[in-house]
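Listed here are the chains, written in short residue letters.
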Amino acid sequence: MSKIAVVYWSGTGNTEAMANAVLKGAKDKGAEAELFTASDFSADMVEGFDGIAFGCPSMGTEELEDSEFAPMFDSVKDKLNGKKIALFGSYGWGDGEWMRNWENDCKSCGAVLAAQSVICNDAPDNDVTAQCEALGAALI
């Protein structure tokens, strides 16, 4: 049985809703899956999971949230080489540049992207929720 972590930060609840859909997708596929906020996850936990889904909205000038999520993610990057991961998040403006930059950062760390990242403008609709569930299933 695969063990999956879903790690997220959410300011408005949009990315949290996406995280719950990713978690559901992993569990529905038979994984043992756990949900963590960015402040509850650390680098020493990475090895305990077969796959990790990371979720963060776009902030400021299309960047990761910088007080909790970015420091946590920076601390785990060195442990992602060869690790199966997935990325998701919401945004309110821009064109998704933060996600493209984040994907490139993950690839340069040697992480293996399990599926195409999922982004949505504002709150996730039924289509995005289904995409998030498929993202969770892809980590298995």
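Heads up: the structure comes first, above all this text.
### Notes on the overall build of the protein chain
Right, on to step 1. A tally of regular secondary structure across the protein chain gives 4 helices and 6 strands.
Right, on to step 2. The order of α-helices and β-strands along the protein chain, N terminus first, is β-α-β-β-α-β-α-β-β-α.
Right, on to step 3. Computed over the C-alpha atoms, the radius of gyration of the protein chain is 13 Å, within 12% of the 14 Å expected from 2.2 N^0.38 for a compact globule of 140 residues.
Right, on to step 4. In terms of overall dimensions, the protein chain has a C-alpha envelope of 40 × 30 × 25 Å along the principal axes.
Right, on to step 5. Expressed as a percentage of its 140 residues, the buried residues of the protein chain come to 47%.
Right, on to step 6. Carbon and sulfur atoms provide 45% of the accessible area of the protein chain, an area that totals close to 6300 Å².

### Re the packing of helix α1 (residues 14-28) against helix α4 (residues 126-138)
Right, on to step 1. At a minimum axis distance of 6 Å, the contact between α1 and α4 shows a crossing angle of 45 degrees. For the element pair α1 / α4, the angle class is oblique. Crossing of α1 against α4: the hand is right-handed. Only Val128, Thr129, Cys132, Glu133, Leu135, Gly136 and Ala137 of α4 make contact with α1, whose side of the interface consists of Met18, Ala21, Val22, Lys24, Gly25 and Ala26.
Right, on to step 2. Across the contact of α1 with α4, the residue classes break down as 8 nonpolar, 3 polar and 2 charged.

### A look at the nonpolar core
Right, on to step 1. Of all hydrophobic cores here, the largest spans 27 residues; its most connected members are Phe41, Phe54, Phe69, Met72, Phe73, Val76 and Trp102.
Right, on to step 2. For this core, the secondary-structure elements that each account for two or more residues are β1 (3-8), β3 (51-55), α2 (69-76), β4 (84-91) and α3 (97-108).
Right, on to step 3. Per-element accounting of this core gives the leading share, 5 residues, to α2.
Right, on to step 4. Apart from residues lying up to four places away in sequence, phenylalanine 69 is in contact with Val7, Tyr8, Trp9, Ala38, Phe54, Gly55, Cys56, Leu64 and Trp102.
Right, on to step 5. Judged by nonpolar contacts, the second largest core, of 20 residues, contains Tyr8, Leu23, Ala53 and Ala86.

### Points about the side chain of lysine 77
Right, on to step 1. Inspection of the secondary structure puts lysine 77 in the loop between α2 and β4.
Right, on to step 2. What lysine 77 contacts, discounting residues up to four positions off in sequence, is Asp105 and Cys109.

### Observations concerning the packing of aromatic side chains
Right, on to step 1. One pass over the full model with this rule turns up 9 aromatic pairs.
Right, on to step 2. Aromatic side chains phenylalanine 54 and phenylalanine 73 sit 5.1 Å apart centroid to centroid with 90 degrees between the ring planes, which places their arrangement in the edge-to-face category. With phenylalanine 54 in strand β3 and phenylalanine 73 in helix α2, this pair connects stretches of sequence that are 19 residues apart.
Right, on to step 3. The exposure class of phenylalanine 54 is buried, given its relative accessible area of 0%.
Right, on to step 4. Against the face of phenylalanine 49 rests lysine 3, its NZ or CZ located 5.1 Å from the ring centre.

### Points about the pairing of β1
Right, on to step 1. Burial of β1 is extensive: 5 of the 6 residues sit out of reach of the surface.
Right, on to step 2. Across 6 bridges, β1 lies against strand β2 (residues 32-37) in parallel orientation. Looking at the pairing, isoleucine 4 lines up with alanine 33 of β2.
Right, on to step 3. With α1 bridging β1 and the parallel β2, this β-α-β connection has right-handed handedness.

What counts and how
Residues numbered from 1 in each chain as written. Predicted model: local features only at pLDDT ≥ 70, side-chain atom pairs only at ≥ 80, totals over all residues. Heavy atoms only, no water. Helix = DSSP H or I, 4+ residues; strand = E, 2+ residues; numbered from the N terminus. Rg over C-alpha atoms; globule rule 2.2 N^0.38 Å. Buried < 20%, exposed > 50% of the residue type's maximum accessible area, 1.4 Å probe, protein only. Areas by Shrake-Rupley, 256 points an atom, 1.4 Å probe, with all protein chains shown as cover. Axes fitted to C-alpha atoms, helices over the stretch in contact; angles between N-to-C directions. Parallel < 35°, antiparallel > 145°, perpendicular 65-115°, else oblique. Left-handed = near helix turned anticlockwise from the far one by under 90°. Contact = heavy atoms within 4.5 Å. Nonpolar A, V, L, I, M, F, W, Y, C, P; charged D, E, K, R; others polar. Core = buried A, V, L, I, M, F, W, Y, C linked by side-chain atoms within 4.5 Å. Phe/Tyr/Trp six-rings, centres within 6.5 Å; stacked < 30°, edge-to-face > 60°. Lys NZ or Arg CZ within 6 Å of the ring centre and 35° of its normal. Pairing = 2+ DSSP bridges. Right-handed = clockwise from strand over helix to strand, strands pointing away.

Coordinates in, geometry out; function isn't part of it.
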